[in-house]
Amino acid sequence: MKNIRRTLALVLALVFALSMVSFAAPEEGGDNNIQPGTVVDMGYATQMNVHLPYITVQTSFIAMNIYDTLFYFVDGDANNIGGLLAEEWTYDEDNLGVTVKLHDNACFYTGDPITAQTCIDCWETTRSFMPTYFGTIEEITAVDDHTLYFKFSDKFPTFEVNFADTITSIVDPKAIAEYGDTSNEAAVGSGPYYIENYIDGEVLTLHANPNYWFEARKPHIETVNIYYIADANTQLIAMQSGDIDLMMTQDPIVLYTLEETPGVNVTEYQAQALTCWINEEYSDVLQIAEVRQALAHLIDWQAACDIVYDGLYSPATGIWKEGTAGYVDNTENFTYDPDLGLALLEEAGVDPADIKLEMLCYPKYKDVFVAVQSQLAQYGITFDVPTNESSAVASLHAAGDFCIASSWLGYTGANPMAGFSAGILPTGAQTSVFLDNCAPEAAQQLYDLYDQAATADSLEEQYAICREMTKVLQDNYVNLGGIQLRHWLALSDEFDGLNYQNNVFYIDFCYMYQK
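Residues numbered from 1 in each chain as written. Predicted model: local features only at pLDDT ≥ 70, side-chain atom pairs only at ≥ 80, totals over all residues. Heavy atoms only, no water.

Asks: Hey, could you run me through the overall build of the protein in this one?
Replies: When helices and strands are tallied, the protein shows 16 helices and 22 strands. For the protein, whose C-alpha radius of gyration is 23 Å, the value lies close to the compact-globule estimate of 24 Å for 515 residues. The principal-axis extent of the C-alpha atoms belonging to the protein is close to 75 × 60 × 40 Å. Scored against the burial criterion, the 515 residues of the protein give a buried share of 57%. Counting only carbon and sulfur atoms, one obtains 47% of the accessible surface of the protein, whose full area is about 20,300 Å². A distance of 4 Å separates the average location of the 19 positive side-chain charges in the protein from that of its 73 negative side-chain charges. (Helix = DSSP H or I, 4+ residues; strand = E, 2+ residues; numbered from the N terminus. Rg over C-alpha atoms; globule rule 2.2 N^0.38 Å. Buried < 20%, exposed > 50% of the residue type's maximum accessible area, 1.4 Å probe, protein only. Areas by Shrake-Rupley, 256 points an atom, 1.4 Å probe, with all protein chains shown as cover. Lys, Arg positive; Asp, Glu negative; His and termini not counted. Charge placed at Lys NZ, Arg CZ, Asp CG, Glu CD.)

Dropping the structure here:
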């Protein structure tokens, strides 16, 4: 018996009645691929304390495993969208409407069927939280029990992409009505797994859905335990001792040790660009474009990467990941040039000692910003880097209560519009651009471009407009630059089938199996 399992079993016994969210197991029926008794234990540095898909993009890790969407990215490929709940779909000739036929055997893990009305009722809640994902949808109607009709007020080029996003996953509306739209107890989905139990700050347990209906995603591993282990070295020790089977790291020292650990396979993935968004309204000095421009030139991101990540990371060359649809090279504005930075401050009439900044970042990235803190301190600039819990970071960012915030804003190669929806709109989930007062013309240009992108005739046209928005953002120095992230996943060689969705950067457990 694994040590962590024994320890957590005691915790479970002690706090069962007070802190565990659980659901009754479904009755098993039909054929499935589940390997009885198989368990994967994973260490994860972020608490999984939100289980409803429409509240935050941070839920994606859980959502893609316990819910289904209309469409999905086949094998994680953003250019290959297939039907999941949708069996077939047909657009009107004018592209202002689409008819979607649902699979008639889709059901929640509780056994309740998914119908057209089920989807409509769920999306009513989703839309109240994340309206931008519904684009130009004017009305959704149930033609019959398993047919939906979407009426658009204008072109909606990302319809399939948006409804392949976990945000628009289908949650049982009966559970939402019973428990409330923010309660984890309402997390009833139709995916390959369901939540068997959850203890805040300890463990989230997923159990394979024996009645899962979609053949291509039927699960194999019976139980997945996701243990909250904030410290990378603690995860490493657990991996070496066999107490966990799977972990993700961005720490080079941990990586080097994992690569030398017998029975462990390590795979590398390039993740998003983690860049630093400036709240221009935080202080008067940040409303000055030359000050924002100067700050970017005073940060040596390569040096920070060398110190913290042993040179395995590189500086971001734009506000988004290089090579994605919305990317525009911004190397010139992000280049380390302290002489230029200081000259810009002098031109703006700003004393570096009068610049006082505070960084909002997730704990696992704090070290790189502490390195930046040391760099800026040599010029007399205050750059505080407080420690915040992950949940607090998400809440503060959503509320706009920050000076500088590190984020990729939910931007992915599959759906670049998501980053703009979340970050530039006043109603966005992570509003990060505040140009209305200091650069009103640029702000209006962004809003106009966003409206054009949302109703573009094609994805290609939308992507071109996304690049125009990126250029406006970068030309107005709303971002200090940052780092290109890389992830390494370590998996026990007892298992195979690890599927890391590189568009959303989370693991799809249904493909894993024990050898």
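So that's the structure; there's more coming.
Asks: How should helix 15 (residues 440-454) be read in this particular structure?
Replies: The α-helix advances 3.6 residues per turn, and as a result positions three or four apart in sequence lie on the same side. With 15 residues, helix 15 should cover 21 Å at 1.5 Å per step; its first-to-last C-alpha distance of 21 Å lies within 8% of that length. Of the residues making up helix 15, those classed as buried are Ala442, Ala443, Leu446, Tyr447, Leu449, Tyr450, Ala453 and Ala454. End-on, the buried residues of helix 15 take up no more than an arc of 165 degrees, which puts them together on one face. As for helix 15, its buried residues are in contact with helix 14 (417-423) and helix 16 (459-475). (Expected span 1.5 Å × (residues − 1). Arc of directions from axis to C-beta. Contact = heavy atoms within 4.5 Å.)

Asks: Hey, could you run me through the packing of aromatic side chains in this one?
Replies: For any pair of aromatic rings, the description rests on two quantities: the centre-to-centre distance and the angle between the ring planes. All told, the structure shown has 26 aromatic pairs when counted by the stated rule. Ring centres of Phe71 and Trp89 lie 4.7 Å apart, and the angle between their planes is 70 degrees; on these two criteria the pair is classed as edge-to-face. One end of the pair, Phe71, is in strand 3 (residues 71-73); the other, Trp89, is in strand 5 (residues 86-91), and 18 residues separate them in sequence. According to the relative accessible area criterion, Trp89 is partly exposed, its value standing at 25%. (Phe/Tyr/Trp six-rings, centres within 6.5 Å; stacked < 30°, edge-to-face > 60°.)

Asks: Please clarify how the packing of helix 15 against helix 16 should be interpreted in this entry.
Replies: For the pair helix 15 and helix 16, the least separation of the axes is 9 Å and the interaxial angle reads 165 degrees. The orientation of helix 15 relative to helix 16 falls into the category roughly antiparallel. For the crossing formed where helix 15 meets helix 16, the hand is left-handed. Contacts between helix 15 and helix 16 involve Ala442, Gln445, Leu446, Leu449, Tyr450, Gln452, Ala453 and Ala454 on the former and, on the latter, Gln462, Ile465, Glu468, Met469, Val472 and Leu473. Of the residues contributing to the contact of helix 15 with helix 16, the split by class is ten nonpolar, three polar and one charged. (Axes fitted to C-alpha atoms, helices over the stretch in contact; angles between N-to-C directions. Parallel < 35°, antiparallel > 145°, perpendicular 65-115°, else oblique. Left-handed = near helix turned anticlockwise from the far one by under 90°. Nonpolar A, V, L, I, M, F, W, Y, C, P; charged D, E, K, R; others polar.)

Asks: Can you help me understand the packing of helix 8 (residues 289-297) against helix 11 (residues 338-348) in this one?
Replies: Angle between the axes and distance between the axes are the two parameters that describe a pair of packed helices. Put simply, helix 8 and helix 11 touch, their axes get as near as 8 Å, and they point 160 degrees apart. In this view, helix 8 runs roughly antiparallel relative to helix 11, as classed from their interaxial angle. Seen from above, helix 8 lies across helix 11 with left-handed handedness. When helix 8 is examined against helix 11, the residues Glu290, Val291, Gln293, Ala294 and His297 are found in contact with a partner set consisting of Pro338, Leu340, Gly341, Leu344, Leu345, Glu347 and Ala348.

Asks: In this structure, what is going on with the nonpolar core? I would like to understand it.
Replies: When a protein is soluble and globular, its nonpolar side chains tend to lie buried together. Core analysis: the biggest nonpolar cluster contains 83 residues, and Leu70, Trp123, Leu148, Phe150, Phe159, Phe163 and Phe509 have the highest contact counts within it. Beyond its immediate chain neighbours, meaning those up to four positions away, Leu148 contacts Val98, Thr99, Val100, Leu102, Ala116, Cys119, Ile120, Trp123, Ile140, Thr141 and Val143. Ala296, Val350, Leu376 and Leu480 belong to the second-largest nonpolar core, a separate cluster that totals 75 residues. (Core = buried A, V, L, I, M, F, W, Y, C linked by side-chain atoms within 4.5 Å.)

Asks: Looking at this structure, how should I read the pattern of salt bridges?
Replies: Opposite charge on two side chains allows them to pair when their charged atoms are near. Enumeration according to the criterion identifies nine salt bridges in this entry. Two residues, Glu138 and Lys151, come together in a salt bridge whose shortest N-O distance is 3.4 Å. With a gap of 13 residues between them, Glu138 in strand 7 (residues 137-144) and Lys151 in strand 8 (residues 147-152) connect regions that are remote in the sequence. The class of Lys151 is partly exposed, set by a relative accessible area of 36%. (Salt bridge = Lys/Arg side-chain N within 4 Å of Asp/Glu carboxyl O.)

Asks: Looking at this structure, I do not really get unusual backbone geometry. What am I missing?
Replies: Note: most residues except glycine have negative phi, and most peptide bonds are trans. In the Ramachandran plot, Asn95 falls in the positive-phi region, its phi being about 60 degrees despite a non-glycine side chain. Looking at the secondary structure, you find Asn95 in the loop between strand 5 and strand 6 (97-102). On the accessibility criterion, Asn95 (36% relative accessible area) is partly exposed. The backbone of Tyr477 shows a phi angle near 55 degrees, a positive value even though the residue is not glycine. Looking at where Tyr477 falls in the secondary structure, it is placed in the loop between helix 16 and strand 18 (479-492).

Asks: Explanation requested: the side chain of Ser421 in the structure shown.
Replies: Among the structural elements, Ser421 can be located in helix 14. A distance of 2.6 Å separates polar atoms of two side chains, one belonging to Ser421 and the other to Tyr450. The contacts of Ser421, once residues within four sequence positions are left out, are Thr132, Gly428 and Tyr450. (Polar contact = N/O pair within 3.5 Å; in protein donor to acceptor, adjacent residues only side chain to side chain.)

Asks: Just to check I follow, could you spell out the pairing of strand 2 (residues 35-44) for this structure?
Replies: Within a regular beta strand, the side chains point alternately toward one face of the sheet and then the other, so they alternate between its two faces. Two strands pair when backbone bridges link them, and strand 2 and strand 11 (residues 221-228) are joined in this way by seven bridges, in the parallel orientation. What sits directly across from Met42, in strand 11, is Ile226. In this sheet, strand 12 (residues 246-249) lies alongside strand 2 in parallel orientation, the contact comprising two bridges. If you follow Met42 over to strand 12, its bridge partner there is Leu246. (Pairing = 2+ DSSP bridges.)

Asks: Hey, could you run me through the sheet that holds strand 6 in this one?
Replies: What links the strands of a sheet is backbone hydrogen bonding, and the strands pair in either a parallel or an antiparallel sense. Strand order in the open sheet formed by four strands is 5-6-8-7, and the pairing between neighbours is antiparallel. Of all the strands in the sheet, just strand 5 and strand 7 have a single pairing partner and so form its edges. Averaged over all neighbouring strand pairs, the angle between strand axes comes to 20 degrees, with direction disregarded. Both strand 7 and strand 8 contribute to a ladder of six bridges, which runs antiparallel. By the bridge assignment, Glu139 is partnered in strand 8 with Lys151. With respect to the sheet, helix 3 (residues 116-129) is in contact with strand 6, strand 7 and strand 8, its orientation differing from that of strand 7 by roughly 160 degrees.

Asks: Honestly, helix 7 (residues 252-259) in this entry has me stumped. Any pointers?
Replies: Within helix 7, the full set of buried residues consists of Pro252, Val254, Leu255 and Leu258. Considered in projection along helix 7, the buried side chains sweep an arc of 155 degrees and stay on one side of the axis. For helix 7, the elements touching its buried residues are helix 6 (232-241), strand 12, strand 13 (264-278), helix 9 (301-309) and strand 18. Its side-chain oxygen placed 2.9 Å from the backbone nitrogen of Ile253, Asp251 serves as the N-cap of helix 7.

Asks: Is there a simple way to explain the side chain of Thr470 in this structure?
Replies: Secondary-structure assignment places Thr470 in helix 16. Of the polar contacts made by the side chain of Thr470, one reaches the backbone oxygen of Gly326; its length is 2.7 Å. Setting aside its immediate chain neighbours within four residues, Thr470 contacts Ile319, Trp320, Gly326, Val328 and Phe420.

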